[in-house]
Amino acid sequence: MRYDILIGGEAGQGPNIIANLISIGLIENGFFVFASREYESRVRGGHNFNIVTFSEEPLFSNSKSIDILVALDKNTEKIHKEDLKNNGIILEGSHNNMFYIGCLFKILGFDFNLLDSELRKINDYSENIEEAKRGYDSKNTEFNLKSAKSENKISLMNGNVAISEGAIKSGVEFYYSYPMTPATGVLTELAQRQKEEKHKTIELDGEIACINAAIGSAIVGAKSMVGSSGGGFDLMTEALSLTGMAEVPLVIYLSQRPGPSTGLATYTGQGDLNMALHAGHGEFVRIVIAPGDAKEAIERTTQIFYFTQKYTIPGILISDKHLSESHYSFTEKPQITISEKSVKWPARFNSYESDENKIATENINIIKKNVENRINKSKKLSEEIENFKPFEIYGNKDSRNLIIGWGSTKGVILDIIKKVDCKFLQISYLEPFSKKIQEEIKKAEKTLIVENNATSPLSSLIAEKTGFLIKNENKILKYDGRPFIFEQLLEEVEKRIKSTKEIEK
Amino acid sequence: MNNSIRTNAESTWCPGCNNFILLHAVQKVIEKQIESGKRKEDFGIVCGIGCHGKIFDYLNLPGINTLHGRTAPTCLGMKLAKPDLNVIGFSGDGDAYAEGIEHLIQMARYNSDFKYIIHNNQVFALTLGQPTPTTELGYIDKTNPDGVAISPLNPVKLMLVMGASFVARTCCETEQIKYVLEEALKHKGFAYIEVLQPCLIFHKNEDYKKRFYNLQKTEHNKTNFEEAMARADEFDYSSKDSKIPVGIFYQKERKTFEELKLNMQIAINSEK
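The rules behind each value
Residues numbered from 1 in each chain as written. Chains lettered and ligands numbered in written order. Predicted model: local features only at pLDDT ≥ 70, side-chain atom pairs only at ≥ 80, totals over all residues. Heavy atoms only, no water. Helix = DSSP H or I, 4+ residues; strand = E, 2+ residues; numbered from the N terminus. Contact = heavy atoms within 4.5 Å. Areas by Shrake-Rupley, 256 points an atom, 1.4 Å probe, with all protein chains shown as cover. Lys, Arg positive; Asp, Glu negative; His and termini not counted. Charge placed at Lys NZ, Arg CZ, Asp CG, Glu CD. Buried < 20%, exposed > 50% of the residue type's maximum accessible area, 1.4 Å probe, protein only. Pairing = 2+ DSSP bridges. Right-handed = clockwise from strand over helix to strand, strands pointing away. Axes fitted to C-alpha atoms, helices over the stretch in contact; angles between N-to-C directions. Buried area = accessible area lost by both parts, 1.4 Å probe. Salt bridge = Lys/Arg side-chain N within 4 Å of Asp/Glu carboxyl O. Polar contact = N/O pair within 3.5 Å; in protein donor to acceptor, adjacent residues only side chain to side chain. Nonpolar A, V, L, I, M, F, W, Y, C, P; charged D, E, K, R; others polar. Phe/Tyr/Trp six-rings, centres within 6.5 Å; stacked < 30°, edge-to-face > 60°. Domains from an automatic or database assignment. Parallel < 35°, antiparallel > 145°, perpendicular 65-115°, else oblique. Left-handed = near helix turned anticlockwise from the far one by under 90°. Disulfide = S-S within 2.5 Å.

**Some remarks on the overall build of chain B**
Part 1: Tallying secondary structure elements over chain B gives 10 helices and eight strands in all.
Part 2: Its C-alpha atoms put chain B at 55 × 45 × 35 Å along the principal axes.
Part 3: In chain B, the share of contacts with a sequence separation of at least 24, taken over all contacts with a separation of at least 6, comes to 72%.
Part 4: With the model as given, the accessible surface of chain B reaches about 11,200 Å², and the carbon-plus-sulfur share is 52%.
Part 5: The centroid of the 32 positive side-chain charges in chain B is displaced by 3 Å from the centroid of its 33 negative side-chain charges.

Set out below in structure tokens:
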């Protein structure tokens, strides 16, 4: 059973705080949670909302229909009431967010002591607790929830925190960043943790300064990372090319939002795959990895540090606003890959083609050898990624129907394949591209692709790497800045799977 | 890397180029430091792109010949990750004052503890003579057949205003560069050193020699900001007859970027 709570209000009214507290209440009571947020690019006012979806079993998407609507302002009620289920509960009035979090705890039948102890972690808590208690006492318990109390503690984490966690586990020493939504969460998380950990976060005068400083740190032997969204990534591409020439290990975190240009600053999209694969002038080897949820984000971050160090190449870790800022719940422990440092000071590096002493050269034989040395890194790299599950098949492995996706669409696809006869091929390593993917695609009779963009760059990549063409009618694309919602994707997939059997070529 | 800080790389600077003098002075200063116990790996050099950048090939020291205009942030990143390293950055006037000037401005404010030598030949020489931000008014080249009409930047004033803790200009003369670089290496914090060396090819008739005077041979008080600004105002990079002050305009130590960033306790209680 899935339940959805939608909390909406103006920026500044604190829907986020309610969502976070109820999510904690839910996981502490043994429920799995998926919580996303939609907000406008403004500091106060407007209409923001969070959806907290929960279940006794793991889930990774939000639904359209709402069980409980918390309306912090009239606008929220107006916009979302039509999605409220017939027996749904609406909480509205002139109370503040603390009152409503109290209401929610009571309605769901949770102990007030848990909320009390969570509220004590926030400054000036006494008034908050009083208000929450008033809310708690004003309601009756309406749900008779039974969780499959799991032995393992449920972790709750958003993608940005997970990527930060992965970076710390990889021994990151410097994270250079200029704020840009939706990547800023990594800067915030790493900044908060720099006193207890060994890294430093450094904010410089722009993305160009950041990546060049990161290269400076990397050449003296520090594990370095930078992060931004598409626009900031654009600014870093000349230096990305430098890392290819000078063979500097560097992790670049790219959290996508819809472009082109400033686009939709606080919304989600997957329009930057081609940029990650191709940005930077000249020919050089890179690794591009896109995790699909928070636990995977921790694991893939440690892998990208491993590969960038081992092969002295740049690595691009792709996320998007939906993964970066949504909260995921999981019980399994992430698998950490340990990475050894590869750069040892003293050493010389050059942006020019250079000889063995890194002195610039235009010598015809040296140039040819250098180019081959750099490009040939891809051979071993392509082999070694096969040990790291560069792709994964989920669901009924014998199904003849296949959905392909990458990045944050993983969550909603995992949820819908429980309802429809389909398996799911998630491609996490976009570059290098596993040779085994071709076999998986060949096995399927019907192949659908799901992407949060308008031109389906993954289809093009698959065509380039495997020769397999996905039909336009089998591309399920969403490019309105919003993530796929459970019912919506289920309907789109069912429409295509029920249609007459076709053989694709 | 062998023990010498010199290399056998063929020099591709023009015969008689002022860069030879600059290179010689830098070699002398670093060799002296190595004789008195420093190791080659205690130094890190960074160069950009342009005639100046070729110095990377003539110094057998670790570091990076990086992108055009990105010397300064690269130096900062090295210094943060290895605070004991003596980091020396080299840039041309194109590299420091055109592409990447935002970094120069911020570095003065940050006070990262590296030394930054600007080879100012007042022209984009390697691309065959286009004007930079410090090219004089009226300069004619193929891209400006009617002559440069925009007044040049005064980078010394810019550095002073942005709070650089060490601001110097030298003429292209060995002893003068050696003196200023040695003082800069003793200075804790960002040191800006401009070496004024009009290009022999594109500024054939430029003769600054008679116009230079050494601030350290006058009553100049290098801890006085107003005095430094007044001296910086004497030469506007365009006039044909004004005096050109050289030497250390201004010097006042304060906490460095690395001290502030790497030690959070200091950051919280920081005083300027």
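**Remarks on the pairing of strand 7 (residues 174-177) of chain A**
Residue and element names in this part refer to chain A.
Part 1: Of the two faces of strand 7, both are covered, the one formed by F174 and Y176 as well as the one formed by Y175 and S177.
Part 2: In terms of strand pairing, strand 7 meets strand 8 (residues 200-202) through three bridges, oriented parallel. From the neighbouring strand, F174 faces strand 8, where its bridge partner is K200.
Part 3: Following the chain from strand 7 across helix 7 (residues 184-192) to the adjacent parallel strand 8, one finds a crossover that is right-handed.

**What to know about the sheet that holds strand 20 (residues 475-477) of chain A**
Residues and elements named next belong to chain A.
Part 1: Across the sheet, which stays open at both edges, the five strands sit in the order 15-17-16-19-20 with mixed pairing between neighbours. The open sheet has two edge strands with one neighbour each: strand 15 (391-395) and strand 20. Sheet twist, expressed as the average angle between the axes of neighbouring strands with direction ignored, equals 20°.
Part 2: Contacts between helix 18 (residues 457-466) and the sheet are confined to strand 16 (401-405), strand 17 (423-427), strand 19 (446-451) and strand 20, with strand 19 contributing the most and set at about 135° to the helix.

**With respect to the interface of chain A and chain B**
Part 1: Facing 33 residues of chain A, the contacting portion of chain B comprises 39 residues.
Part 2: Between chain A and chain B, the buried area comes to about 2,900 Å², and carbon and sulfur atoms account for 68% of it.
Part 3: By the criterion of area lost to chain B, the three top residues of chain A are D205, W345 and R348 of chain A, representing 22% of everything that side buries.
Part 4: Applying the counting criterion to the chain A and chain B interface returns zero salt bridges.
Part 5: Counting across the interface, chain A meets chain B through 13 residue pairs in polar contact (both at pLDDT 80 or more).
Part 6: Put simply, the parts of the chain that give the side of chain A that touches chain B at least two residues each are strand 7, strand 8, helix 8 (207-219), helix 10 (237-246) and strand 14 (348-350) of chain A.
Part 7: By residue class, the composition of the side of chain A that touches chain B is 20 nonpolar, six polar and seven charged.
Part 8: In terms of strand pairing, strand 14 of chain A meets strand 2 (residues 63-65) of chain B through three bridges, oriented parallel. Bridge pairing in strand 2 of chain B places N350 of chain A opposite N65 of chain B.

**Remarks on the packing of aromatic side chains**
Part 1: Applying the stated criterion across every chain, the model contains 25 aromatic pairs over all chains.
Part 2: Pairing F105 of chain A with F110 of chain A gives two aromatic rings, centres 5.8 Å apart and planes at 85°, and the pair type is edge-to-face. With respect to class, F105 of chain A is no different from F110 of chain A; both count as buried.
Part 3: Considering the side-chain rings of F225 of chain B and Y250 of chain B, the 5.9 Å spacing of their centres and the 90° angle between planes classify their relative orientation as edge-to-face. Remark: Y250 of chain B occurs in strand 8 (residues 244-251) and F225 of chain B occurs in helix 8 (residues 225-232); sequence separation between them is 25 residues.
Part 4: A relative accessible area of 29% places F225 of chain B in the partly exposed class.
Part 5: Cluster of aromatic residues (ring-pair linked, three or more members): Y3, F31, F54, F105, F110 and F143 of chain A.

**Observations concerning the sheet that holds strand 18 (residues 429-431) of chain A**
Residues and elements named next belong to chain A.
Part 1: The seven strands lie next to each other as 8-7-9-10-12-11-18, forming an open sheet whose pairing is mixed. One side of each edge strand has no neighbouring strand; the edge strands of this open sheet are strand 8 and strand 18. Pairwise comparison of adjacent strand axes, ignoring direction, gives a mean angle of 20° for this sheet.
Part 2: Contacting strand 7, strand 9 (224-228) and strand 10 (250-256), helix 8 crosses the sheet at an angle of about 165° to strand 9.

**What to know about the environment of E238 of chain A**
Part 1: Tracing the chain through its elements places E238 of chain A in helix 10.
Part 2: For the pair formed by E238 of chain A and L381 of chain A, sequence separation is 143 residues and the distance between their alpha carbons is 23 Å.
Part 3: What E238 of chain A contacts, discounting residues up to four positions off in sequence, is H281 of chain A together with L67 and R70 of chain B.

**Overview of the domain arrangement of chain A**
Residue and element names in this part refer to chain A.
Part 1: Partitioning chain A into structural domains gives domain 1 (3-137), domain 2 (156-386) and domain 3 (390-498).
Part 2: Averaged C-alpha coordinates put domain 1 and domain 3 at centres separated by 32 Å.
Part 3: Taken together, the contacts link 10 residues of domain 1 with nine residues of domain 3.
Part 4: Together domain 1 and domain 3 conceal approximately 740 Å² of surface at their shared face, both sides included; 47% is due to carbon and sulfur atoms.
Part 5: Considering only the surface of domain 1 that becomes buried against domain 3, E38, F60 and S61 emerge as the three largest contributors, covering 51% of it.
Part 6: Counting the contacts that link domain 1 with domain 3 gives two salt bridges.
Part 7: The residue R482 makes a salt bridge to E38 at a minimum N-O spacing of 3.0 Å.
Part 8: If you look at where domain 1 meets domain 3, you find seven residue pairs in polar contact (both at pLDDT 80 or more).
Part 9: When the residues that make up the side of domain 1 that touches domain 3 are grouped by side-chain class, the tally is three nonpolar, four polar and three charged.

**Description of the side chain of R300 of chain A**
All names here are of chain A.
Part 1: Tracing the chain through its elements places R300 in helix 12 (residues 294-311).
Part 2: A distance of 2.7 Å separates a polar side-chain atom of R300 from the backbone oxygen of K389.
Part 3: Residues contacting R300, with those up to four places away along its chain left out, are I289, P291, L317, F388, K389, S428 and Y429.

**Observations regarding the packing of helix 3 (residues 97-107) of chain A against helix 5 (residues 125-137) of chain A**
Residue and element names in this part refer to chain A.
Part 1: Where helix 3 contacts helix 5, the two axes come as close as 6 Å, and the packing angle between them is 45°. Here helix 3 lies oblique to helix 5, going by the angle between them. In this structure, helix 3 crosses over helix 5, and the sense of that crossing is right-handed. Taking contact as the criterion, the partners of M98, F99, I101, G102, C103, F105 and K106 in helix 3 are, on helix 5, N128, E131, A132, R134, G135, Y136 and D137.
Part 2: Residues belonging to the contact of helix 3 with helix 5 are distributed by class as follows: seven nonpolar, three polar and four charged.

**A short note on the state of the cysteines**
Residues and elements named next belong to chain B.
Part 1: For the coordinates displayed, the defined rule picks out zero disulfides over all chains.
Part 2: Its sulfur unpaired, C75 is 8.8 Å from the next cysteine sulfur, which belongs to C47.
Part 3: In this model C199 remains outside any disulfide bridge; the closest cysteine sulfur is found in C14, 6.4 Å from its own.
Part 4: Residue C199 is classed as buried on the basis of its relative accessible area, which comes to 10%.

**Points about the pattern of salt bridges**
All names here are of chain A.
Part 1: In total, this model carries 50 salt bridges over all chains according to the counting rule given.
Part 2: Among the salt bridges present, the one from K410 reaches E296, with a minimum N-O distance of 2.9 Å. Note that K410 is positioned in helix 16 (residues 410-416) and E296 in helix 12, a separation of 114 residues in sequence.
Part 3: Judged by its relative accessible area of 5%, K410 falls in the buried class.
Part 4: In the salt-bridge network here, residues are joined through shared partners; they are E165, K169, E189, R193 and E197.

**Brief notes about the side chain of E131 of chain A**
All names here are of chain A.
Part 1: Mapped onto the elements, E131 comes out in helix 5.
Part 2: At 2.5 Å, the side chain of E131 and the side chain of R134 are in polar contact.
Part 3: Not counting residues within four places of it along the chain, the set of residues in contact with E131 comprises H95, N96, M98 and F99.

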